[in-house]
Every structure is written in C-alpha cells, then in structure tokens.
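Here is how the chains run, residue by residue.
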Amino acid sequence: MLHRYPREVAEGVFALGGWWGALAYLAVGTETLLIDTGVARVAGAIQRAIQTTGVSPAAIDQIVLTHYDYDHSGSAAQLARDLDAPVVIHEADAALVANPSESPGLRRLLYHQPVPQVLRWESPEIAMTLREGDTVGDWQVMHTPGHTPGSMSLVRDDVGIVGDALVYMLGQLRPNVRHLSTDMAAQEASTRRLADTALRTVLPGHYAPCTKPEAMEELRRRLES
C-alpha cells in the first residue's frame, strides 16, 4: 500500500514521512513538537515536510526522541541547531545517546566505530530528560522499555505515538521483532501495557501509522489467546 506523506493522522498530528523506514511526526497543540528525526542528513527534508503541513519549522518548541537509535535520532543534532529547539529523551536512554557503544547486549556492536562514522551519526545534546508520567506539551509520557531501556510512548486522549514499542504492518499492530530488543521481558510487558490502553490511533515508528480504531483491541485479543 502506498502511503502519502505528509498527512494528518489525528487532530493536530501529522506523519511527516519515513526515512530509512523510520517515521517522524509533528504534533501541534499547547506546544509544537517534532517527534523523532529520521537518519542523519535528512534535516532539510524534514523541515520541508513540516512546511507542507502549514506549520513553520521555526514554530517547533521541542524535539522529542522516542528512543536513541540511529534511525530516530540521526538528524536531531542538526535540527536542534537549525530550529533552535531543545532535544528531549527518556532518562534511561540519555546516557546511551552520549555513549551508544555502551548499549546493552549485541546492540552495542551497531554503535562501535566505524558504524557511526559511516552513517554520519552525530550525538545530539540532550536538554532535558523525561520519565513516566511527565508531560511534554499536551502529551503524557509512558515508559515502554524493551526495544531500548528508555523507549517511551506519548499519549494524548486516545492517540499514542509509540516509537518502536509496536509496529503496524499488514493491517495489524504487532510487537516489534525480538532480535532488536534489549530486554525481551520488558518488551513483552510494554506490549501488554499498551494493549490494555484505550488507544484508537496508534502511531508507530515504522511501516505505517495505524488509524484503524479496533487495531489495539485486536492486538489485546491475540495476546490473550
């Protein structure tokens, strides 16, 4: 299925596009948030996508990273400079942004040189860290670890921006793949916790936004079967 971007996927929430398959979102409310920033060297493309929604990139108040991986944080440093906007992340991932070679388990192999250099990844400066229950703009932080220690979701009413805690493909919400998890037990617990919410629009970091209202209920039933 061809997905057209940018497009509004919930009231005041735009899927800007996918870079290396990683989706970035714009959320407009009491604060204007850019959620995730794709890979390195796509800052210009993201700013052009923001302009297409009718929002000025200069209006961005904060850049929020759902987790520290290359494909979500890659252009954060450049966008922070271009937009004069602070970068925020969950406290459990903040140290890994600064020292990604300390990543848990086999994931650390992805963050040893020359990989960051080849990918032209620049560690963004983190202005503030978040934790469970904090708010950023109109959104409440839900700590959904497993994929990374500090993976987090942002929830506003029945809309959730869930990073890599879930994926949406072939018409179904699914847990992310096991081999990318830093803690499988935590990932399973986060999947179940999200499935128990009343979210009707679920915006993952990969494949496609999920605007299918019954998708979370379907996931919950599959987990219970």
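Above this text you will find the structure in question.
For clarity, every value in this text was computed on a predicted model and none was experimentally measured.

(A) Structural detail: the overall build of the protein chain. Per the secondary structure count, the protein chain includes 7 helices and 14 strands. Relative to the compact-globule value of 17 Å for 225 residues, the protein chain shows a C-alpha radius of gyration of 16 Å, a close match. Principal-axis analysis of the C-alpha atoms gives the protein chain an extent of 45 × 40 × 35 Å. Within the protein chain, buried positions represent 53% of all 225 residues.

(B) Representation of helix α1 (residues 43-52) within the structure. Taken as a whole, α1 has its buried residues at Ala43, Ile46, Gln47, Ala49 and Ile50. End-on view of α1: buried residues confined to an arc of 160°, all on one side of the axis. Of the exposed residues in α1, the ones pointing more than 90 degrees away from its buried face are Arg48 and Thr52. Those residues of α1 hidden inside the fold are in contact with β2 (13-19), β3 (22-28), β4 (32-35) and α3 (76-83). Looking one or two residues beyond α1, the residue adopting positive phi is glycine 54, at roughly 95°.

The rules behind the values
Residues numbered from 1 in each chain as written. Predicted model: local features only at pLDDT ≥ 70, side-chain atom pairs only at ≥ 80, totals over all residues. Heavy atoms only, no water. Helix = DSSP H or I, 4+ residues; strand = E, 2+ residues; numbered from the N terminus. Rg over C-alpha atoms; globule rule 2.2 N^0.38 Å. Buried < 20%, exposed > 50% of the residue type's maximum accessible area, 1.4 Å probe, protein only. Arc of directions from axis to C-beta. Contact = heavy atoms within 4.5 Å.

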